[in-house]
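Listed below are the residues making up each chain.
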2 protein chains.
Amino acid sequence: MKQVEIIAVGNELLIGDVLDTNTNWICRRLTVMGAFVRRAVLVRDDEEAIANEIQGAISRGTDLIFTSGGLGPTDDDRTAAAVAKALNLPLVLNEEALKMVEQRYRELYEQGFVDSPEITPSRKKMAMLPEGTTPLFNSVGTAPGIWLETGSVIVVCLPGVPAELKAIFEQSLPPHLERVLGKGYYFERVFEATCRDESVLAPLLKHVADKHPSVYLKSKAQVFGEEVRITILLSASGSDKEKTERLLNEAIDDLVVALDPRGIVLVPVGER
Amino acid sequence: MKQVEIIAVGNELLIGDVLDTNTNWICRRLTVMGAFVRRAVLVRDDEEAIANEIQGAISRGTDLIFTSGGLGPTDDDRTAAAVAKALNLPLVLNEEALKMVEQRYRELYEQGFVDSPEITPSRKKMAMLPEGTTPLFNSVGTAPGIWLETGSVIVVCLPGVPAELKAIFEQSLPPHLERVLGKGYYFERVFEATCRDESVLAPLLKHVADKHPSVYLKSKAQVFGEEVRITILLSASGSDKEKTERLLNEAIDDLVVALDPRGIVLVPVGER
């Protein structure tokens, strides 16, 4: 399984002004494609801090690094520069990216959203990308995304505005990701347990988890008003569809058997 | 200003099953108290990974480390063990925490939520805490939080269930935090610019930001349907209330002057 790390960039995340929903969205998308997201980090608009995180991820043997935020025209948008610095690559004017930026400002000008289609230094900045970048067209905003493959790692940079991030991901990434991740399958089942006491479930879950190391098993307490409910999520991923699904079902069967003597039943909540 | 790092623990966050709202909530609370949140990370239920993040935060000179998640009764709740490991402290039965756990299970038993008030090994596990911990009473769930001051750093561990995290924070942390952070003031103003083009604003914002290094200034593009709107947030924090507010107002005045020649006006959105 390919190992992924995510870096979300933006002071607004760390002063609590903006809730980072991008990381969760990327985690979900990559998980169901069969990748393993090991770690995610939120950092400030600080070139050094972003570069340190990229180098840290590489040192941990990460295959793919995703970043969100910091690609825009303002001076505190430092992600492209940080990627270049971390990978020891020059930041160069990417002609293909420049064409994308020109196209978007022409469209926005024609739609009356901007006063001029001219490529000012602030607009040109968005096409200054690490050498070797394949730019990713941004149909919602203006800053192109980055797909950058080096010998050791693939770096994918997306804008921080969720609508832009999702549009680039959906429109440009599937063929790249399918090539890199291979065919991956992910199966997940969620149950609510007829037991509101996680401490009773704990040893029973451990028994099943130990027997099925390839299946992910997680109980979660949720508070609804005065009431606590316990949900149990089981998931498995792998490249062999039938085998992955079978391993998951075997774990579920064993969990049902383990809970039965305590009179605990699993009520299905969801399936993906 | 005290430097803070946050570690959110849980596989469910990295498979995208659960959106981490705790980090945002803690960021906001600490920022308005005058602390500086430098970085936040999401890691899996992995003792080694959590311990590495704690040691990394200490190596960066962090004053306070907050963790969320991983304090419960199940085998994959590893935060207390990871804190002990990272700080080279033994994990010991904390008598005060044990009393808290006993109290909560007695209450839950009386309310009919659990079948027995008995302190089983899974329940006792929640009172096994790093030596020197001041336990924090959990009035919503069962696992006590951790307040742990060492010579070099303060570690605060809270449960991952948001209602439990917030309850412990509100009920137990204010006196501790006020002592550590001192009196801190935070002022913030948010405006919408009558300009939908961040690339036009970029050089004007840079001019003001360079002139006011102690004020945080951030533009943010948001997509509403077809329309992009630009909000500008300015904030300042410090220990001198009047001075902090004055610095912020001076930056706002200069921003108004800088935008005026382009016919751009700031429309107030919020004030905190």
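Above this text you will find the structure in question.
Everything numeric here is computed off the predicted structure, so don't read it as measured data.

(A) Expanded view of unusual backbone geometry. All names here are of chain A. The backbone phi angle of N88 is positive, close to 60°, even though this residue is not glycine. Note that N88 resides in the loop between α4 (79–87) and β4 (91–93). Among the residues examined, N88 registers 9 C-beta atoms within 10 Å and is labelled exposed.

(B) Region of interest: the packing of helix α8 (residues 198–211) of chain B against helix α9 (residues 241–259) of chain B. Residues and elements named next belong to chain B. Contact geometry for α8 and α9: axes closest at 9 Å, N-to-C directions at 150°. Taken together, the axes of α8 and α9 lie roughly antiparallel to each other. As α8 runs across α9, the sense of the crossing is right-handed. For the pair formed by α8 and α9, the contact residues are L204, H207, V208 and K211 on the first element and A251, D254, L255, A258 and L259 on the second. When grouped by side-chain class, the residues that make up the contact of α8 with α9 number 6 nonpolar, 1 polar and 2 charged.

(C) Quick peek at helix α8 (residues 198–211) of chain A. Residues and elements named next belong to chain A. Compared with the 20 Å implied by 1.5 Å per residue over 14 residues, the 20 Å span of α8 between its first and last C-alpha is a close match. The sharpest bend along α8 comes to roughly 25°, located at L204. All of the buried residues in α8 are E198, S199, V200, L201, A202, L204, L205, V208 and A209.

(D) Structural context of helix α7 (residues 162–181) of chain B. Residue and element names in this part refer to chain B. Its 20 residues give α7 an end-to-end C-alpha distance of only 23 Å, which falls more than 12% under 28 Å, the value for a rise of 1.5 Å per residue. Of all the bends in α7, the greatest reaches close to 65° and is centred on L173; the proline P174 follows between one and four positions later. Listed in full, the buried residues belonging to α7 are E164, L165, A167, I168, F169, S172, L173 and L177.

(E) Just the sheet that holds strand β3 (residues 64–68) of chain A, in detail. Spatially, the 12 strands line up as an open sheet ordered β6(A)-β7(A)-β8(A)-β3(A)-β1(A)-β2(A)-β2(B)-β1(B)-β3(B)-β8(B)-β7(B)-β6(B), and their pairing is mixed. Where the open sheet ends on each side, the last strands, each with one partner, are β6 (134–136) of chain A together with β6 (134–136) of chain B. Neighbour to neighbour, the strand axes of the sheet diverge by 15° on average, direction disregarded. With 5 bridges joining them, β3 of chain A and strand β8 (residues 154–158) of chain A adopt parallel strand pairing. Paired with T67 of chain A across the strands is C157 of chain A, a residue of β8 of chain A. The strands touched by helix α4 (residues 79–86) of chain B within the sheet are β1 (3–9), β3 (64–68), β7 (145–149) and β8 (154–158) of chain B, with β8 of chain B carrying the most contacts at an inclination of about 170°.

What counts, and at which threshold
- Residues numbered from 1 in each chain as written.
- Chains lettered and ligands numbered in written order.
- Predicted model: local features only at pLDDT ≥ 70, side-chain atom pairs only at ≥ 80, totals over all residues.
- Helix = DSSP H or I, 4+ residues; strand = E, 2+ residues; numbered from the N terminus.
- Buried ≥ 20, exposed ≤ 12 C-beta atoms within 10 Å, placed from the backbone.
- Axes fitted to C-alpha atoms, helices over the stretch in contact; angles between N-to-C directions.
- Parallel < 35°, antiparallel > 145°, perpendicular 65-115°, else oblique.
- Left-handed = near helix turned anticlockwise from the far one by under 90°.
- Contact = placed C-beta atoms within 7 Å.
- Nonpolar A, V, L, I, M, F, W, Y, C, P; charged D, E, K, R; others polar.
- Expected span 1.5 Å × (residues − 1).
- Bend = angle between axes of the 7 residues up to and from the residue.
- Pairing = 2+ DSSP bridges.

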